[in-house]
Amino acid sequence: MTGLLIRGRVLTFVDEPRDIADTSSYRYFEDGALLVVDGRIAALGDYADVARTAGVDTPVADHRPHLVLAGLIDAHIHFPQMQAVASYAAQLLEWLNTYTFVEEQKFADEQHAQFVAERFLDELLRHGTTTVAAYCSVHPQSVDAFFRAAQHRNMCVIGGKVMMDRNAPPALCDTPQLSYDDTTALIARWQGTGRLHYAITPRFAITSTPEQMEMSAALVREHPDCYVQTHLSENREEIALTRSLYPDAPDYTGIYEHYGLLGRKTLLGHCIHLSEREMQIMAETGSVAVFCPTSNLFLGSGLFDREKLRDHGVRIAVATDIGGGTSFSMLKTMDEAYKILQLRGQRLSPLHSFYMMTLGNARALSLEDRIGTLERGTDADITILDSRATPAMRMRMDAARTLQEELFVLQTMGDDRAVAEVYVAGSPMKTEL
Ligand code: GUN
Ligand code: ZN
């Protein structure tokens, strides 16, 4: 059998950890290996066993003593905001109007969109992220650029054209009919092509008229296999404006509910200031609340209440939300998630953080049969982490005794420097970046 043996300390989750000591939630092989054949994981286990299966001629990528994990997943990010990160503004609406809506206008130019898309995906890979759910701009050519760049790298990504027909500069507005026609054409072109998935993307209720919401509803009915992504309840001023634009809705979530946009493939960014009823309807419909910690802190939006959402049975994902978010790193994202939950008096164990970045996000995206895990038969998207990447990390790691401690050091002190290598469908990517 040909292929590639990837050797290292292999860690993969099989379920959500119940607590910090839940060793049944993961599999760990101290001298472990993966056998990758044709972009998929053909075997997983102790090196000696997997090497025997592979045969003597199989090349070995020896990553010892590093950790071998499933590729990290980012459930909410804006690709046209790569050059809007770190823009100095007060809060959400000012930030959108002053920087974001200006920046996104540049994506009318397909060459610019392609230039940014290539660098955007390379930067994600450098940070160990192999899958994203991305907002493109209102321009269909930005979606083509994004998917082309992902296809070229054989990445599994979700993306969609932002639909917006009001409360934005005219150059960024489509119309209900145009957004329907463009989205329909993009779905026909990209959905299910290779590892690409389409997300119907009404930006948020403020930038869509009821007529455009109707069009979104029609698209969801016509394409039940597609995702839906939008924003929900991020900022108090945003909520007040939204309620004034949809006075008949019982609450913000009720708008998306009314238009049939909630469901198991619906990703709702932020979900910070929700009522009991809103959490209930999210749980009933299986909609996903996407926690974006660095963005919520940067824009002063508020503190995500993970425990309350979990108590209501709401599915949860985690994400960078670049460019409201400030880091491409999922490690840094979990570091900030930990701190937000500290301020809420809630705990997030390192096992749970690593579960969330991998299998947890894969489950939230309903992609756990393909990514987020290193189980046999899944796609070989793999991230290699070095917990001794910096002098300070080496000093700290000299005092670490357990795997859990190591994971917490990686999350708290790590970033792109800790990513030793990243594989997409079995091909090493980082060495080339
Ligand atoms: N709400 C609507 N659009 C956006 C966006 O681009 N970023 C964030 N953080 N919130 C939004
Ligand atoms: Zn966002």
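First things first, this report covers the structure right here in the doc. In this text, all values refer to a predicted model and were calculated from it rather than measured experimentally.

### Focus on the coordination of the zinc ion (ligand 2)
- Listed as protein donors to the zinc ion (ligand 2) are His76 (NE2), His78 (NE2), His231 (NE2) and Asp321 (OD); their distances from the metal cover 2.1 to 2.4 Å.
- Every donor counted, the 4 donor atoms about the zinc ion (ligand 2) form angles of 90 to 168° at the centre, which fits irregular coordination.
- Mapped onto the polypeptide sequence, the residues donating to the zinc ion (ligand 2) form the spacing pattern H-x1-H-x152-H-x89-D. Residue His76 is located in strand β5 (residues 72-78), and its partner Asp321 is located in the loop between β13 (315-318) and α12 (330-343); the two are separated by 245 residues in the primary sequence.
- Taking the relative accessible area as the measure of exposure, Asp321 reaches 4% and is therefore buried.

### Focus: the sheet that holds strand β16 (residues 427-428)
- Taking strand neighbours across the sheet as the criterion, the 7 strands line up as β3-β2-β1-β4-β14-β15-β16 in an open arrangement whose pairing is mixed. Whereas interior strands pair on both sides, the edge strands pair on one side only; in this sheet they are β3 (40-46) and β16.
- Looking at chain direction, strand β4 (residues 60-70) and strand β14 (residues 382-385) are connected through 4 bridges and run antiparallel. Bridging across to β14, Leu69 finds its partner in Thr383.
- Packing against the sheet, helix α13 (residues 350-364) makes contact with β1 (4-13), β2 (26-37), β4 and β14, and its axis sits at approximately 120° to β1.
- Seen against the sheet, helix α15 (residues 403-413) touches β1, β2, β4 and β14 and runs at an angle of roughly 85° to β4.

### Some details on the pattern of salt bridges
- Within this structure, the stated rule accounts for 31 salt bridges.
- For Glu16, the salt bridge is made with Arg310, and the minimal N-O distance between the two is 2.6 Å. Separated by 294 residues along the polypeptide, Glu16 in the loop between β1 and β2 and Arg310 in helix α11 (residues 306-311) bring together distant segments of the chain.
- For Glu16, a relative accessible area of 32% gives the class partly exposed.
- Arg126 is the partner of Glu123 in a salt bridge, and the nearest nitrogen-oxygen pair spans 3.0 Å. Here Arg126 and Glu123 lie together in helix α3 (residues 110-126), a separation of 3 residues that amounts to about one turn.
- A network of salt bridges, in which partner residues are shared, links Arg40, Arg195, Arg370, Asp379 and Asp381.

Calculation notes
Residues numbered from 1 in each chain as written. Chains lettered and ligands numbered in written order. Predicted model: local features only at pLDDT ≥ 70, side-chain atom pairs only at ≥ 80, totals over all residues. Heavy atoms only, no water. Donors = N, O, S within 2.8 Å, 3.2 Å for Na, K, Ca; no water. Tetrahedral: all angles 85-135°; square planar, octahedral: opposite > 155°, others 65-115°. Helix = DSSP H or I, 4+ residues; strand = E, 2+ residues; numbered from the N terminus. Buried < 20%, exposed > 50% of the residue type's maximum accessible area, 1.4 Å probe, protein only. Pairing = 2+ DSSP bridges. Contact = heavy atoms within 4.5 Å. Axes fitted to C-alpha atoms, helices over the stretch in contact; angles between N-to-C directions. Salt bridge = Lys/Arg side-chain N within 4 Å of Asp/Glu carboxyl O.

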